[in-house]
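Chains, contacts and geometry: an overview
Single-letter residue listing:
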Amino acid sequence: MKQISGSIVALVTPFNEDGSVDHGRLRALVDWHIANGTDAILTLGTTGETASTTLEEDTETLRTVLDQAHGRVPVIAGSGSNSSRMQMQKSVLYSEMGADALLCISPYYVKTNEEGMYRHFLMSADAASAPIILYNVPGRTGCKISPEVVRRLSTHPNVMGIKEASGDMAYAMSIARYLSDDFCMYCGNDDITVPLLSVGAKGVISVWANIMPREVHQMVADWMAGNHEAALREQLRCLDLIHALFIEVNPIPVKEAMNLMGLHAGAFRMPMYPMTDAHRAVLAQRMREVGLTVREDA
């Protein structure tokens with residue numbers, strides 16, 4: 001599974017009106033993504049609102065995604081926690097359930113020192129049978145994985161890569177020297193996918209792909225095939241839409257966009273809350289500009 005590449009959707013978790021997980025809709029979204037070229041599916045990530053779901057709900061969500069994907073595309077499970085032991089336990093559990101890889105996050109709120117950061121990931125890498133992907137997203141966690149910790153972990157046989165979501169190109173360049181056939185980088189910021197591909201990233205873990213899976217797949221495929229101008233054109237064509245998908249905190253805009261398209265992502269878990277009317281109008285306009293069909297009342 002060290003060859004996962006391309007467009008990896010950071011899948012939303014659809015909810016019913018009563019707030020429960022809509023497993024029927026989840027199955028439909030898995031099929032829709034596979035039919036539209038998505039190369040792999042990440043479930044239980046930030047976009048899946050797992051900060052507001054229970055372990056039991058997460059386990060059932062993963063079981064649904066694995067069952068519906070049925071080996072057609074790799075499934076990555078977000079097993080992250082600010083508790084090293086909890087992250088390890090979830091990583092072992094999700095491995096046993098059949099996840100192809102695991103996304104493990106830096107210890108948000110708790111933070112830690114350099115050795116603690118290294119061992120936080122090491123515990124899961126040593127214990128789980130599925131390979132792990134480090135997740136660097138300091139805007140969410142309040143701490144970053146230093147390049148030296150990345151270097152140390154990059155040689156671990158069960159660490160397959162890093163999702164780089166700091167938006168800092170200088171940082172991305174500093175860790176690009178550690179990339180190899182066994183340690184990959186995945187872009188975690190849709191607006192700089194092509195720049196990160198240019199320094200060796202193998203793909204993108206994408207919020208944008210929730211609404212334009214075929215286009216994101218094709219953009220990455222074009223880059224990998226050497227059609228760099230085509231990839232850059234698509235990145236720039238959709239740049240305003242990508243920015244609109246983060247006009248409020250993720251995943252509020254992307255779920256709103258899905259609902260505007262009739263993809264029925266449902267509501268949010270508090271403290272997530274519907275976006276303002278003004279922001280929704282901006283989002284709808286950006287969607288129309290790239291050719292997406294949205295509800296007439298938007």
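Bear in mind the structure is a predicted one, so any value in this text is a computation, not a measurement.

1. Re empty space enclosed by the protein
- Following the criterion strictly, the structure yields 1 cavity of 30 Å³ or more and no others.
- Volume-wise, the largest cavity comes out at about 30 Å³.
- Among the residues forming the lining of the largest cavity, the class breakdown is 2 nonpolar, 5 polar and 2 charged.

2. Observations regarding the pattern of salt bridges
- Tallied over the entire structure, the rule returns 12 salt bridges.
- Across the salt bridge formed by R63 and E60, the nearest N and O atoms sit 2.4 Å from each other. Here R63 pairs with E60, and both are found in helix α2 (residues 55-69), just 3 residues apart, close to one helical turn.
- A salt bridge links R286 to E289; its shortest N-O distance comes to 3.1 Å. You can see R286 and its partner E289 sitting in helix α13 (residues 277-289), 3 residues apart, about one turn around the helix.
- Using a relative accessible area of 26% as the deciding quantity, one classes R286 as partly exposed.
- Taken together, the salt bridges that share partners define one network made up of E115, R119 and R152.

3. What about the nonpolar core?
- Core analysis: the biggest nonpolar cluster contains 81 residues, and L102, L134, W208, I211 and L241 have the highest contact counts within it.
- Ignoring anything within four residues of it in the chain, the contact list for L134 reads L103, C104, F121, I145, L153, V159, G161, I162, K163 and F183.
- One finds A10, I76, Y135 and I205 within the second-largest nonpolar core, a separate group that totals 17 residues.

4. Here's the deal with the packing of aromatic side chains
- Overall, the coordinates contain 0 aromatic pairs when judged by the stated rule.
- A cation sits over an aromatic face here: R152 above Y118, 3.7 Å from the ring centre.

5. Brief notes about helix α4 (residues 114-127)
- Across its 14 residues, α4 extends 21 Å between first and last C-alpha, which sits within 8% of the 20 Å expected from 1.5 Å per residue.
- For α4, every residue scored as buried is listed here: M117, Y118, H120, F121, L122, S124 and A125.
- Residues of α4 that are buried in the fold lie against α3 (84-97), β4 (101-105), β5 (132-136), α6 (147-154) and β6 (159-164).

6. Things to note about unusual backbone geometry
- N250 connects to P251 through a cis peptide bond whose omega is 10°.
- By the element assignment, P251 lies in the loop between α11 (239-244) and α12 (252-260).
- Of note, the bond from M270 into P271 is cis; its omega dihedral lies within 30 degrees of zero at 15°.
- Within the fold, P271 resides in the loop between α12 and α13.
- The phi torsion at H70 lies on the positive side, around 50°, for a residue other than glycine.
- Relative to the elements of secondary structure, H70 occurs in the loop between α2 and β3 (75-78).
- On the basis of relative accessibility, which here comes to 67%, the residue H70 falls in the exposed class.
- Look at H264: it is not a glycine, yet its phi comes out positive at around 55°.
- One can find H264 in the loop between α12 and α13.

7. What to know about helix α10 (residues 228-237)
- Those residues of α10 not exposed but buried are A231, E234 and Q235. Along the axis of α10, the buried positions cluster into a sector of 100°, meaning they face one direction only. Exposed side of α10, more than 90 degrees from the buried face: E229, R233 and L236 are the residues found there.
- Against α8 (193-198), α9 (213-224) and α11 lie the buried residues of α10.

Calculation criteria
Residues numbered from 1 in each chain as written. Predicted model: local features only at pLDDT ≥ 70, side-chain atom pairs only at ≥ 80, totals over all residues. Heavy atoms only, no water. 1 Å grid on protein atoms, 1.4 Å probe; cavity = no way out; pocket = protein on both sides within 12 Å on 5 of 7 lines; lining within 4 Å. Points joined across faces, edges and corners; volume = space filled by probe spheres on them. Nonpolar A, V, L, I, M, F, W, Y, C, P; charged D, E, K, R; others polar. Salt bridge = Lys/Arg side-chain N within 4 Å of Asp/Glu carboxyl O. Helix = DSSP H or I, 4+ residues; strand = E, 2+ residues; numbered from the N terminus. Buried < 20%, exposed > 50% of the residue type's maximum accessible area, 1.4 Å probe, protein only. Core = buried A, V, L, I, M, F, W, Y, C linked by side-chain atoms within 4.5 Å. Contact = heavy atoms within 4.5 Å. Phe/Tyr/Trp six-rings, centres within 6.5 Å; stacked < 30°, edge-to-face > 60°. Lys NZ or Arg CZ within 6 Å of the ring centre and 35° of its normal. Expected span 1.5 Å × (residues − 1). Arc of directions from axis to C-beta.

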